[in-house]
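Chain by chain, the residues:
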Amino acid sequence: MGGRFSREAPAAAPSSVIVEPSLSEALAAQKASRAASTSAAATADSKSRAAEAAADETIRKLSAEFEAERRAFHEKRAAEVEALEADTLGCVKRQVALLHSKYDFVRPEAKPRCTAEEQSVLDCYAARKGADALQCGPVVDAYSACARRVVDDLAASLAAAQQK
């Protein structure tokens, strides 16, 4: 008998298929419709790809122009800054030379001053500890007067050097 679940070999399929004419026309129309929609989608897809490619090319072109302008701006600005630095360096060098010419002089080695007065103050304080230290007042006054004379001499010599 050969049903669906039987172990017998199925019957051989007929060698030719008979299709009704209306069904073949419907299949042909459906196939043509699919081909038309596929070609329309392909055309739309190729148009969108072309538009994207044109937009990408425009972006690349504008980006290159922007980079060129930016590079030119930076080079111009770097040249301006370099010129300003050179000018400023020249001004600073002139100022340094002027200051050196005005104030560069070799000061003689400072000789110790008021050493005798200083030693007498130290001796007085060493000899009198405690309440007797107030008796060193005249010795301290002499040291203070000597120090004032040294300061006055230094001020006078600086004033004379500035007037030159």
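Residues numbered from 1 in each chain as written. Predicted model: local features only at pLDDT ≥ 70, side-chain atom pairs only at ≥ 80, totals over all residues. Heavy atoms only, no water.

Caption draft 1: Geometry of the overall build of the chain. From N to C terminus, the chain includes three helices and zero strands. Moving toward the C terminus, one meets the helices and strands of the chain in the order α-α-α. Here the chain holds 164 residues, and the buried ones make up 3% of them. (Helix = DSSP H or I, 4+ residues; strand = E, 2+ residues; numbered from the N terminus. Buried < 20%, exposed > 50% of the residue type's maximum accessible area, 1.4 Å probe, protein only.)

Caption draft 2: Geometry of the state of the cysteines. Taken as a whole and assessed by the stated rule, the structure comprises two disulfides. Two residues share a disulfide in this structure: Cys-114 and Cys-146, whose sulfurs sit 1.7 Å from each other. When the S-S torsion is -90 degrees, as for the bridge of Cys-114 with Cys-146, the disulfide is left-handed. With a gap of 32 residues between them, Cys-114 in the loop between helix 1 (21-103) and helix 2 (115-127) and Cys-146 in helix 3 (residues 137-163) connect regions that are remote in the sequence. Here Cys-124 is linked by a disulfide to Cys-136, with a sulfur-sulfur distance of 1.8 Å. Because the torsion about its S-S bond is -95 degrees, the bridge between Cys-124 and Cys-136 counts as left-handed. Here Cys-136 lies in the loop between helix 2 and helix 3 and Cys-124 lies in helix 2, a separation of twelve residues in the sequence. Judged by its relative accessible area of 1%, Cys-136 falls in the buried class. (Disulfide = S-S within 2.5 Å.)

Caption draft 3: The arrangement of the confidence of the model for the chain in detail. Per-residue confidence for the chain gives a mean pLDDT of 84, with 85% of residues at or over 70. Element-level mean pLDDT values for the chain span from 88 in helix 1 up to 92 in helix 2. (pLDDT = per-residue confidence, 0-100.)

Caption draft 4: Seen up close, the pattern of salt bridges. Applying the stated criterion across every chain, the model contains three salt bridges. In this structure, the salt-bridge partner of Glu-57 is Arg-60, at a minimum N-O distance of 3.4 Å. Within this pair, Glu-57 and its partner Arg-60 are both found in helix 1, separated by three residues, close to a single helical turn. For Glu-57, a relative accessible area of 47% corresponds to the partly exposed category. Judged by its relative accessible area of 53%, Arg-60 falls in the exposed class. A salt bridge links Arg-70 to Glu-67, with the shortest nitrogen-to-oxygen separation between them at 2.8 Å. A residue pair is termed a helical-turn pair when its members lie 3 or 4 positions apart in one helix, as Arg-70 and Glu-67 do in helix 1 at three residues. Note on Glu-67: relative accessible area 29%, which makes it partly exposed. (Salt bridge = Lys/Arg side-chain N within 4 Å of Asp/Glu carboxyl O.)

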